[in-house]
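Chain residues, written in single-letter form:
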Amino acid sequence: MTSQTTVKTLLILGASGDLTGRLLLPGLARLVARGHAEGLTLVGAGSDPWTEDQWLERVEASFAAADSEAEADGRGELKRIRETTSYHQLDVTAEGQLAGLLGQLAGPVAVYFALPPRISQLACEALAPEQVPQGTRLVMEKPFGSDQESARHLNKVLATLAPEDHIHRVDHFLGKATVLNILGLRFANTFLEPVWNREYIEKVEVIFDEDLALEGRARYYDGAGALRDMIQSHLLQIMALMAIEPPASVDERDLRDAVATVLRASSIKPPYTESTRRARYTAGSISGREIPNYAKEEGVDPSRNTETLAEVQVDIDNWRWQGVPFILRSGKALGDKRKEAVVTFRPVPHLPRGFTGVDAPNQLRIGFGPDTLQFDVDVNGPGNVLDLDRVTLQAELSASELLPYGEVLEGVLTGDPLLSVRADTAEDCWRIVDPVLQAWAQGNVPLEEYRAGSSGPEGWTT
Ligand code: NDP
C-alpha cells in the first residue's frame, strides 16, 4: 500500500541526537520503505557544523536495515529521500534562525523537536505566530513540561503557533496497534463490557518492570525517576484506555475525549505512605550481568533520592470505577521483565458445594510488545470432575508492521493526532502525580531498596 502524506517536509531538529539516530530515522525508514510516506522530503538541523556528507552518513546508517528488507519500490523511495535530504546548522533558540529555515522549506512542514526539553521550549518561545506557516505541524517529545504549571505554560505558547490538532505530543509507548488491541478487546466482545466495572472487577494493575538498569542514561534519568519517566506519561495512558467509556468511534476526537474524561476523574489520594511506594536498586546481577548500585553509578547524585521503582494507586472517581484501585508500577533492574495490564475479577459469590480447587480469582492479562491476551478460567479438572483446575486461554494480538516511531511519524505525516497526547490530558497527567512528587521530595514516603535482579523490595508482592 502506498500513501501520500499531507506533510511535504519533515524537519528534524536535533539531527545529531540519540533519539534521531536510534529511533526516529529507523522508524521513518521502515515507514518510507512500506510506501507510507510518498513524496516526503527529509531535512535535518542541529547546532553542530555538520557537512551534508556527515548528515547523509547518519541517514544511510539508520536506513540500512529498512533498505535491506525493502521491495524495489520501497528501496526507490529510500534512495529518493537520501538524494534530496539536506542539513542546516542553526541555533534554534536564537531569534529568527528557525523561522528563517521554516520559510525556505516546502510546506506543509512537520517540525520534530528532537531536542532537550528546555531547548524545545526556548525554540517555541523564539517563534512568532506569523513565522509559522499555516499547516505546520509541531511534534513535541516527552517529557512535556516538568509539572502541571510548566506543561500549561508550554501549551499556551504552542497554542499561539498552531491549532491543537496540528500539535503532536508524542507518547511512543502506545503504538496504534496496542491502542486498537485494547479497544477491540474491550468493545467488540459483549461478554466483557457488562462485567467491566466495580461490580465484577476487584483491581486493575498496569505494570512495566524492566530488566534494564540505568544503561548510561544518568544525565536524563537521575533528574526524572520512574514516576515521571513512566507513570506520569505512559502508564496513565494505558490505565485510561482500560477505563474509558465506550467511544462512538475510534477517531481522535471521540477517543481523546474519552481518555481526557477518565483522567480528569483520576487522582492519587493521600496519605501517600499508603497510596504510593518508591525504591532504588542496589548492586546485584541480572541474567549473569553485574549491575552496580544505582547510587554509585556515574552521573548519579545519590542525595537526589531518585526512585528507580515506583508504585502508585490511582482512584477513578466515577460511577463505573468507584472503589476499584488502579495500581500503576514501573521499575528498572528487576529480575523479571513484565509489561502488562492485569484485570483481577472478584470471586464468584457462591461456589456450589462439592466443588473444590478454586484458589485464585479470574484474571485477564494484556501483554504489551508483543501484544498478547491471556485469560485465566476455572474448568473441571482431568480425573476428578469436581476438582476445578485453572487453565489459561491465550492469543497473540495484532502487531504493527511499523516500528514504534514509524507509527508516531505516520500519525504526524498523515495529520492524524489519534496517538498524540492532547493539551488538557498532558496537564492532567501532571496534576495527578504532582502532589506525590512533592511529598516524595519532602521525604514523606521512605525510599526503600531492592537488589538489582530481584522482584523489588521485600513485602512488595504484586
Ligand atoms: P540528545 O542530547 O542526544 O540530543 C539533543 C540534540 O539537540 C542534539 O542533536 C543537539 O545538537 C541538539 N541541540 C541542543 N541544543 C540545540 C540548539 N540550541 N539548537 C539546535 N540544536 C540543539 O537528546 P535525545 O536525542 O536523547 O533526546 C531528545 C528528546 O527526545 C528529549 O526530549 C528526550 O526526552 C526525548 N526522548 C529521547 C529518547 C531516547 O531514547 N533518546 C526516548 C524518548 C524520548 P548538538 O549536539 O549539536 O548541540
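Analysis parameters
- Every chain begins its residue count from 1, and numbering advances along the sequence as written.
- The predicted origin of the model limits local features to residues at a pLDDT of at least 70 and limits the giving and counting of side-chain atom pairs to 80 or more, whereas totals for whole chains, interfaces and linings rest on all residues.
- In computing side-chain properties, one takes all heavy atoms of the structure into account and sets aside hydrogens as well as water.
- Only runs of H or I of at least four residues qualify as helices and only runs of E of at least two qualify as strands under DSSP, and these elements are numbered from the N terminus.
- Computation of the radius of gyration draws on C-alpha atoms alone. For the globule rule, the value is 2.2 Å times the number of residues to the power 0.38.
- Here's how the labels work: a residue is buried when its accessible area is under 20% of the maximum for its type, exposed when over 50%, partly exposed in between, all with a 1.4 Å probe on protein chains only.
- The criterion used for residue contact is that any of the two residues' heavy atoms lie within 4.5 Å.
- In this count, Lys and Arg are taken as positive residues and Asp and Glu as negative ones, while His and the chain termini are left out.
- For this purpose, a charge sits on NZ of Lys, CZ of Arg, CG of Asp or CD of Glu.
- In this entry, domain limits derive from an automatic or database-based domain assignment.
- We define buried area as the total accessible area lost by two parts upon association, computed with a 1.4 Å probe and summed across both.
- The rule for a salt bridge is simple: a side-chain nitrogen of Lys or Arg has to be within 4 Å of a carboxyl oxygen of Asp or Glu.
- Any pair of N or O atoms that falls within 3.5 Å is considered a polar contact. Within protein, one atom must be able to donate a hydrogen and the other to accept it, and sequence-neighbouring residues count only if both atoms are side-chain atoms.
- The rule is short: rings of Phe, Tyr and Trp, with Trp giving its six-membered ring, pair when the centres are within 6.5 Å, and they are stacked under 30 degrees, edge-to-face over 60, tilted in between.
- Consider the ring centre and the ring normal. A charge sits over the ring if Lys NZ or Arg CZ is within 6 Å of that centre and within 35 degrees of that normal.
- What a helix is expected to span follows from its residue count: subtract one and scale by 1.5 Å.
- A residue's bend is the angle separating two fitted axes: one through the seven residues that end there, the other through the seven that start there.
- By definition, two strands form a pair when at least two bridges between them are found by DSSP.
- The cutoff for a nearby residue is simple: one of its non-hydrogen atoms must lie within 4 Å of the molecule or strand.
- Surface accessibility follows the Shrake-Rupley procedure with a 1.4 Å probe radius. Residue values consider only the protein chains on display as shielding.
- Amino acid classes used here: Ala, Val, Leu, Ile, Met, Phe, Trp, Tyr, Cys and Pro are nonpolar; Asp, Glu, Lys and Arg are charged; the rest, including Gly, are polar.
- Every angle, taken between N-to-C directions, lies between 0 and 180 degrees, and every axis is a line fitted to C-alpha atoms, over only the stretch in contact when it is a helix.

J.: Go over the overall build of the chain with me, naming the residues and quoting the values.
T.: Helix and strand content of the chain: 13 helices and 18 strands. Taking 23 Å as the expected radius of gyration for a compact globule of 462 residues, we find that the chain reaches 24 Å, a close match to that expectation. Dimensions of the chain along its principal axes, counting C-alpha atoms only, are 80 × 50 × 45 Å. Taking all 462 residues of the chain together, 52% fall into the buried category. The contacts of the chain with a sequence gap of at least 6 include a subset with a gap of at least 24, amounting to 78%. For the chain, the distance from the average site of its 45 positive side-chain charges to the average site of its 67 negative ones is 2 Å.

J.: Describe the domain arrangement of the chain, with residues and values.
T.: According to the domain assignment, the chain consists of domain 1 (9-169) and domain 2 (176-401 + 422-451). Relative placement of domain 1 and domain 2: their C-alpha centres are 32 Å apart. Residue-level contacts link 15 residues of domain 1 with 13 residues of domain 2. Across the interface of domain 1 and domain 2, roughly 1300 Å² is buried in total on both sides, 48% from carbon and sulfur atoms. In terms of surface lost to domain 2, no three residues of domain 1 exceed Lys142, Gln148 and Glu164, which account for 37% of the buried area on that side. Summed over the shared surface of domain 1 and domain 2, the number is three salt bridges. A salt bridge links Lys142 to Asp229; its shortest N-O distance comes to 3.0 Å. Inspection of the region where domain 1 meets domain 2 yields 10 residue pairs in polar contact (both at pLDDT 80 or more). At four residues, helix α6 (residues 148-161) tops the list of elements feeding residues into the side of domain 1 that touches domain 2.

J.: So what about the packing of aromatic side chains? Which residues, and what values?
T.: One pass over the structure, following the stated rule, counts seven aromatic pairs. Each ring, one from Tyr221 and one from Tyr294, has its centre 6.4 Å from the other, and the planes form 75 degrees; the classification is edge-to-face. Taken together, the residues Tyr221 in helix α8 (residues 218-221) and Tyr294 in the loop between β11 (289-291) and β12 (309-316) connect sequence positions 73 residues apart. Take Tyr221: its relative accessible area is 1%, and that puts it in the buried class. Considering the side-chain rings of Tyr281 and Tyr450, the 6.2 Å spacing of their centres and the 65 degrees angle between planes classify their relative orientation as edge-to-face. On the criterion of sequence distance, the pair formed by Tyr281 in strand β9 (residues 276-282) and Tyr450 in strand β18 (residues 447-451) is long-range, its members being 169 residues apart. Of the two residues, Tyr281 and Tyr450, both sit in the buried class. Taken together, the ring pairs in this structure connect Tyr221, Tyr281, Tyr294 and Tyr450 into an aromatic cluster. Taking the ring centre of Trp460 as reference, the NZ or CZ of Arg277 above it sits at 4.5 Å.

J.: Outline helix α2 (residues 52-69), listing residues and values.
T.: Between its first and last C-alpha, α2 extends 26 Å over 18 residues, near the 26 Å set by a 1.5 Å rise per residue. The principal kink in α2, of about 50 degrees, is found at Phe63. Of the positions making up α2, those classed as buried are Trp55, Val59, Ser62, Phe63 and Ala66. On the buried face of α2, the contacting elements are α1 (18-33), β2 (41-46), α3 (72-84) and β3 (86-89).

J.: I'd like to hear about the pairing of strand β13 (residues 326-331), residue by residue, with values.
T.: Burial of β13 is extensive: six of the six residues sit out of reach of the surface. Where burial is concerned, the two faces of β13 agree: the one with Phe326, Leu328 and Ser330 and the one with Ile327, Arg329 and Gly331 are both buried. Sheet analysis places strand β7 (residues 201-209) next to β13, joined by six bridges and oriented parallel. By the bridge assignment, Phe208 is partnered in β13 with Ser330. In this sheet, β13 lies alongside β12 in antiparallel orientation, the contact comprising six bridges. Along β13, the bridge assignment pairs Val312 with Leu328.

J.: Can you tell me about the site of the ligand, naming the residues and giving the values?
T.: Taken together, the neighbourhood of the ligand is formed by 24 residues, with Ser16, Asp18, Arg22, Ser47 and Asp48 sitting nearest. Contact with the protein chains removes 79% of the 900 Å² of surface that the ligand exposes when unbound. Taken together, the elements giving at least two residues each to the shell around the ligand come down to α1 and α5 (117-125). Among the elements that line the shell around the ligand, the one with the most residues is α1, at four residues. Taken together, the residues that form the shell around the ligand break down as 11 nonpolar, six polar and seven charged.

J.: Describe the sheet that holds β3, listing the residues and the values that go with them.
T.: What the six strands build is an open sheet, ordered β3-β2-β1-β4-β5-β6; its pairing is parallel. The two strands at the open ends of the sheet, each matched to only one other strand, are β3 and β6 (167-169). Direction aside, the axes of adjacent strands within the sheet are offset by 20 degrees on average. Of the strand pairs in this sheet, strand β4 (residues 109-113) and strand β5 (residues 137-140) are connected by four bridges, and their pairing is parallel. When the bridges of β5 are listed, Ala110 appears paired with Arg137.

J.: If you had to explain α1 to someone new, which residues and values would you point to?
T.: Every α-helix carries 3.6 residues per turn, so stepping three or four residues along brings you back to the same face. Relative to the 22 Å expected for 16 residues at 1.5 Å per residue, α1 spans 22 Å between its end C-alpha atoms, a close match to the ideal helical length. In the structure, α1 departs most strongly from a straight axis at Leu24, where the bend amounts to approximately 35 degrees and where the proline Pro26 lies between one and four residues downstream. Within α1, 13 of the 16 residues are buried, which leaves the element mostly enclosed by the surrounding structure. Count one or two residues on from α1 and you reach Gly35, which has phi positive near 80 degrees.

J.: Just give me the short version of the environment of Arg82, but keep the residues and values in it.
T.: Mapped onto the elements of the fold, Arg82 is located in helix α3. A relative accessible area of 18% means that Arg82 is categorised as buried.

J.: An account of the side chain of Asp229 is needed here, citing residue identities and associated values.
T.: Counting through the fold element by element, Asp229 comes out in helix α9 (residues 226-243). When its relative accessible area of 6% is taken as the criterion, Asp229 is described as buried. Within the structure, the side chain of Asp229 is placed 3.0 Å from the side chain of Lys142, a separation counted as a polar contact. Those residues within four positions of Asp229 in sequence are excluded, and the remaining contacts are Lys142, Tyr220, Tyr221 and His234.

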